[in-house]
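Listed below, chain by chain, are the residues.
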Amino acid sequence: MTEIKNCLDLADLAPADLQDLINLAQAYQDGQAVPALKRPVYAANLFFENSTRTKSSFQMAEKKLGIDLIEVDPKTSSVQKGETLSDTVRTLQAIGVDLTVIRHSQTAWYQDLVENPHIHLGLLNAGDGAGVHPSQTLLDLLTIQKEFGQIKGLKIGIIGDLAHSRVAKSDAKILKQLGAELYFGGPRAWYSNEFDGLGHFGNLEEILPELDVVMMLRVQLERFDDINRESFTTVTYYDQYGLTLDRAKLMKDSAIIMHPAPVNRDVEIASELVDGGKSRIFTQMHNGVYARMAMLTKVLQARGLMEEQK
Amino acid sequence: MTEIKNCLDLADLAPADLQDLINLAQAYQDGQAVPALKRPVYAANLFFENSTRTKSSFQMAEKKLGIDLIEVDPKTSSVQKGETLSDTVRTLQAIGVDLTVIRHSQTAWYQDLVENPHIHLGLLNAGDGAGVHPSQTLLDLLTIQKEFGQIKGLKIGIIGDLAHSRVAKSDAKILKQLGAELYFGGPRAWYSNEFDGLGHFGNLEEILPELDVVMMLRVQLERFDDINRESFTTVTYYDQYGLTLDRAKLMKDSAIIMHPAPVNRDVEIASELVDGGKSRIFTQMHNGVYARMAMLTKVLQARGLMEEQK
Amino acid sequence: MTEIKNCLDLADLAPADLQDLINLAQAYQDGQAVPALKRPVYAANLFFENSTRTKSSFQMAEKKLGIDLIEVDPKTSSVQKGETLSDTVRTLQAIGVDLTVIRHSQTAWYQDLVENPHIHLGLLNAGDGAGVHPSQTLLDLLTIQKEFGQIKGLKIGIIGDLAHSRVAKSDAKILKQLGAELYFGGPRAWYSNEFDGLGHFGNLEEILPELDVVMMLRVQLERFDDINRESFTTVTYYDQYGLTLDRAKLMKDSAIIMHPAPVNRDVEIASELVDGGKSRIFTQMHNGVYARMAMLTKVLQARGLMEEQK
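Rules behind the numbers
Residues numbered from 1 in each chain as written. Chains lettered and ligands numbered in written order. Predicted model: local features only at pLDDT ≥ 70, side-chain atom pairs only at ≥ 80, totals over all residues. Heavy atoms only, no water. UniProt positions renumbered as here; feature names shortened; annotations may be inferred. Buried < 20%, exposed > 50% of the residue type's maximum accessible area, 1.4 Å probe, protein only. Helix = DSSP H or I, 4+ residues; strand = E, 2+ residues; numbered from the N terminus. Pairing = 2+ DSSP bridges. Contact = heavy atoms within 4.5 Å. Buried area = accessible area lost by both parts, 1.4 Å probe. Salt bridge = Lys/Arg side-chain N within 4 Å of Asp/Glu carboxyl O. Polar contact = N/O pair within 3.5 Å; in protein donor to acceptor, adjacent residues only side chain to side chain. Least-squares fit on C-alpha atoms with pLDDT ≥ 70 in both. Nonpolar A, V, L, I, M, F, W, Y, C, P; charged D, E, K, R; others polar. Expected span 1.5 Å × (residues − 1).

Chain A is annotated in an unreviewed UniProt entry as Aspartate carbamoyltransferase from Fructobacillus ficulneus. Checking UniProt for chain A, the heading Function (unreviewed entry) contains the comment "Catalyzes the condensation of carbamoyl phosphate and aspartate to form carbamoyl aspartate and inorganic phosphate, the committed step in the de novo pyrimidine nucleotide biosynthesis pathway." Checking UniProt for chain A, the heading Pathway (unreviewed entry) contains the comment "Pyrimidine metabolism; UMP biosynthesis via de novo pathway; (S)-dihydroorotate from bicarbonate: step 2/3."

**Student:** Which residues make up the pairing of strand 8 (residues 213-216) of chain C, and what are the values?
**Tutor:** Residues and elements named next belong to chain C. Here strand 8 shows a buried face lined by Val-213 and Met-215 and a second buried face lined by Val-214 and Met-216. Here strand 5 (residues 155-159) pairs with strand 8 via 4 bridges, running parallel. Paired with Ile-156 across the strands is Val-213, a residue of strand 8. Relative to strand 9 (residues 256-258), strand 8 is paired through 3 bridges, and the arrangement is parallel. In the strand pairing of strand 9, Val-213 is matched with Ile-256.

**Student:** With reference to specific residues and values, describe the sheet that holds strand 2 (residues 68-69) of chain B.
**Tutor:** Residue and element names in this part refer to chain B. A sheet is described by the order of its strands in space; here 4 strands give the open sequence 2-1-3-4, paired in parallel fashion. On the outer flanks of this sheet lie strand 2 and strand 4 (122-128), each paired with one strand and no other. Note: strand 1 (residues 42-47) against strand 3 (residues 99-104), 5 bridges, orientation parallel. The residue of strand 3 that forms the bridge with Phe-47 is Arg-103.

**Student:** How would you sum up the interface of chain B and chain A? Please name residues and give values.
**Tutor:** One widely used convention gives an interface's size as the accessible area the parts lose upon coming together. Listed per partner, the contact involves 23 residues of chain B and 22 residues of chain A. Between chain B and chain A the total buried area reaches about 2100 Å² when both faces are included, carbon and sulfur atoms providing 54% of it. The interface formed by chain B and chain A holds 3 salt bridges in total. A salt bridge links Arg-265 of chain A to Asp-87 of chain B; its shortest N-O distance comes to 2.7 Å. At the boundary of chain B with chain A, the tally comes to 7 residue pairs in polar contact (both at pLDDT 80 or more).

**Student:** An account of the relation of the copies chain C and chain B is needed here, citing residue identities and associated values.
**Tutor:** Take chain C, turn it by 120°, move it 0.0 Å along the axis, and it overlays chain B with an RMSD of 0.0 Å. Such a turn and shift between the copies fits a three-fold axis. Among all residues of chain C, the minimum C-alpha distance to the rotation axis is found for Glu-71 of chain C, at 5.3 Å. Mapped onto chain B, only 5% of the interface residues of chain C are again interface residues, and the two copies thus contact each other with different surfaces.

**Student:** Let's hear about the relation of the copies chain B and chain A: which residues, and what values?
**Tutor:** When chain B is fitted onto chain A, the two copies agree to an RMSD of 0.0 Å after a turn of 120° and an axial shift of 0.0 Å. When you check the interface residues of chain B against chain A, a mere 9% turn up at the interface there too, and the two sides of the contact use different surfaces.

**Student:** Just give me the short version of the interface of chain C and chain B, but keep the residues and values in it.
**Tutor:** In this complex, chain C contributes 22 residues to the contact, which on the side of chain B involves 22 residues. Interface area, chain C with chain B, both sides summed: about 2100 Å², of which 54% is carbon and sulfur. Taken together, the connections running from chain C to chain B amount to 3 salt bridges. Between Asp-275 of chain B and Arg-90 of chain C there is a salt bridge, with its nearest N and O atoms 2.6 Å apart. Our enumeration of links across chain C and chain B arrives at 7 residue pairs in polar contact (both at pLDDT 80 or more). In terms of residues, the side of chain C that touches chain B owes the most to one element, helix 3 (residues 85-95) of chain C, which gives 6 residues. Considered class by class, the residues forming the side of chain C that touches chain B number 9 nonpolar, 7 polar and 6 charged.

**Student:** Outline the UniProt feature "binding site: carbamoyl phosphate" (unreviewed entry) in chain A, listing residues and values.
**Tutor:** Residue and element names in this part refer to chain A. Here, the residues flagged by UniProt with the feature "binding site: carbamoyl phosphate" (unreviewed entry) are Arg-53, Thr-54, Arg-103, His-133, Gln-136, Ala-261 and Pro-262. With respect to the helices and strands, the residue Thr-54 is situated in helix 2 (residues 53-64). A residue is classified by how much of its surface remains accessible, and Thr-54, at 5% relative accessible area, is buried. Here Thr-54 is in contact with Phe-47, Arg-103, Ala-126, His-133, Ser-135 and Arg-292, once residues within four sequence places are set aside. Positionally, Gln-136 belongs in helix 5 (residues 134-148). Among the residues examined, Gln-136 registers a relative accessible area of 6% and is labelled buried.

**Student:** Requested: an account of helix 6 (residues 166-177) of chain B, with residues and values cited.
**Tutor:** For an α-helix, 3.6 residues make a turn, and residues three or four places apart therefore share a direction. Residue and element names in this part refer to chain B. Helix length check: helix 6 (12 residues) gives 17 Å between terminal C-alpha atoms against 16 Å at 1.5 Å per residue, within 8%. When you tally the buried positions in helix 6, you get 9 out of 12 residues, the bulk of the element. Within helix 6, burial applies to Arg-166, Val-167, Ala-168, Lys-169, Ser-170, Asp-171, Ala-172, Ile-174 and Leu-175. Of the residues flanking the start of helix 6, the one acting as N-cap is Ser-165, its side-chain oxygen 3.2 Å from the backbone nitrogen of Val-167. Just downstream of helix 6, Gly-179 is the residue with a positive phi angle, here 100°.

Rendered as structure tokens:
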């Protein structure tokens, strides 16, 4: 196995390492004991963008691993005095923080930090601008693997605001690499040619009957202004691209519904479906804690801060 | 005893259960040991409205019971992306949170959650809109019981902004139920007919000599605009309805002064009285930690998360 | 040794007590074990002004001493309802907080609290308005002592916005008292006659060759408006008063560069120098944790909350 000293983009991992990460997440969920820390370990979660799910899930994962948290709120920090991200991170490192989990609006915020010879604490990416969202991707992989036993050969549709979703970009690349067959849907204007060659773009009525996994993406409501000249509202979005009760009837019996959340109920998906038998949306959140425990474990072990699994 | 799976409104409790809760708070304050948790327990405190006292008091109570806290700031959470309260709570539940303490501006915010078949984590009400504030009421009951040994037969006055105070509504109903004789005071325009039948409304000079307990309510300073046409200021309020040094001389020797705080010194009460021998205002805050420990204990025990008291 | 029941201004300490504090910080850094707490101890950090460094450093120090933290955010607290600082502190005391670390824009915010007969919890000053910043001064002293073995006889320059820097005021007084020879530099308009008699004011070219320690102060960028009529920008500041690469060549080989941070790179100091061999800027931050552990230890021991060092 390769050592994972930072966890920034799952695309950097060899397939065997990625599978190892998924398996560790699964093992934690199945009750495998957490290896001991070799000494007290301190982490800081720096969320420069709003989040409930990812931030509280990382907190839970850190607590379950026995990591101590230093609370830093970027909104009341020296970042407000114009400090660069690398100087903020070096400050945390100087006071003894071992790991930092960062969400930042800048795509690839970690690039400068990784190249900075003065920075040696562990970096985990909780979302970078228009980039990726590796812990979300890992929890999606875990959710699919638990459901179907494997990812290879599954037909997976990613539907909605493809151009602006780091979940879509993050997931599509990795799912393809692991052998899934991809489909895309949603407004044409929201498609991005970054997805060309990864799968087939089609309308929902056409693709839904094929799919094993229907991943609906969140609609950024503020985006309804700039699609095109015609009035385009949440109601017309739902009618044209939403997973309505009628469209859900097109799905296979064994197919599941996923969504990175927060869901806009009755905009991208019928509220009833969110809570229905096909939905794995809250299961995804539950799995997210184990996915993050696995990521943190690998980084801690690569840094000699945690015992190896027996 | 009835099991208290959620603690939302003390009026839901049978008198014996309420007395049991007060007694447990008292016992904790007298040094009774905290029963062990059966497994690690995680709580989140969601304060959608500003608070120092209640929030930090719940934190202290949780820490004294050995509960782990997941920090969520509603002001930087997905609530800002339009997520409903029930979906926020289900998110926390999905990541493994066992209990959530919520203050929210919506009256009876908990109604939807209690009826939601997908929500099964513990809910504690730290204040709901124009509704109630059970942990404040419980600490008030504890403060009075410690002072007088019982509540039955005591003459208790609640004075000030009755119409907008959830403390007033919360306390009046329960105090009446426990056998106290109630008096009300303050501006007539701030009285609410919700209190009709619960006690006697009178001016301070008339009621103060009768009372065992003088509960002054906080004045929301922003409310001075909309009372009536005449100019009405903090100075005229203090003159007409405040507990001045002169008025305090009308009180019985054994009577005590209470206030839910934060106090506007020299608006609803003379600053000197806040710090004087009759004041139990800081005692109330001190008692609040034990009151909240008792509430949390009952909910934890009802859920099988904490050992029973021996 | 005198007991340090509160730590508010290092100028209150006898020289032997101050030396004792520096030595304890040094001992902690050298691996001396932390004495046990006699019972659970609770602290609250109240930062009314933004901070990353000081706040996270105090958190780390508190955690290393085994102190439990009650999280209070002054921006969402009852302070917003007009509560006075002394009532906020008394609230925390009432719920069982033993120590509070406060940064506040009011100079000598602690004066009222120390004189208040109702306040008996421990107070630590993390910066008071135009006053002092004792934990910063202590970490500066520790950094200098570790470098040179002693402070007496060293030539130390403090350069920049002297009039508005609590670090400058705090450090200058104490360094002088400990026998350092002081020099001052920066814009004349930013000098304050508070420093008269403490040292020599000169231009950088004149004083740099003399100095053992070059302490650069942070420039408050918002201050560029009110210096004088001429346009004065970060570029002209850097040219006239910044520690450029050329000016750094005037320094002695053994001299070091310090800065309280956050640094404005290429405004008060060349970015390359921040990361260079003479810089102790991140070392200062690292030392800060041990300095704060020492302060907290002394206060805890003075209050009978922590065992004495063996």
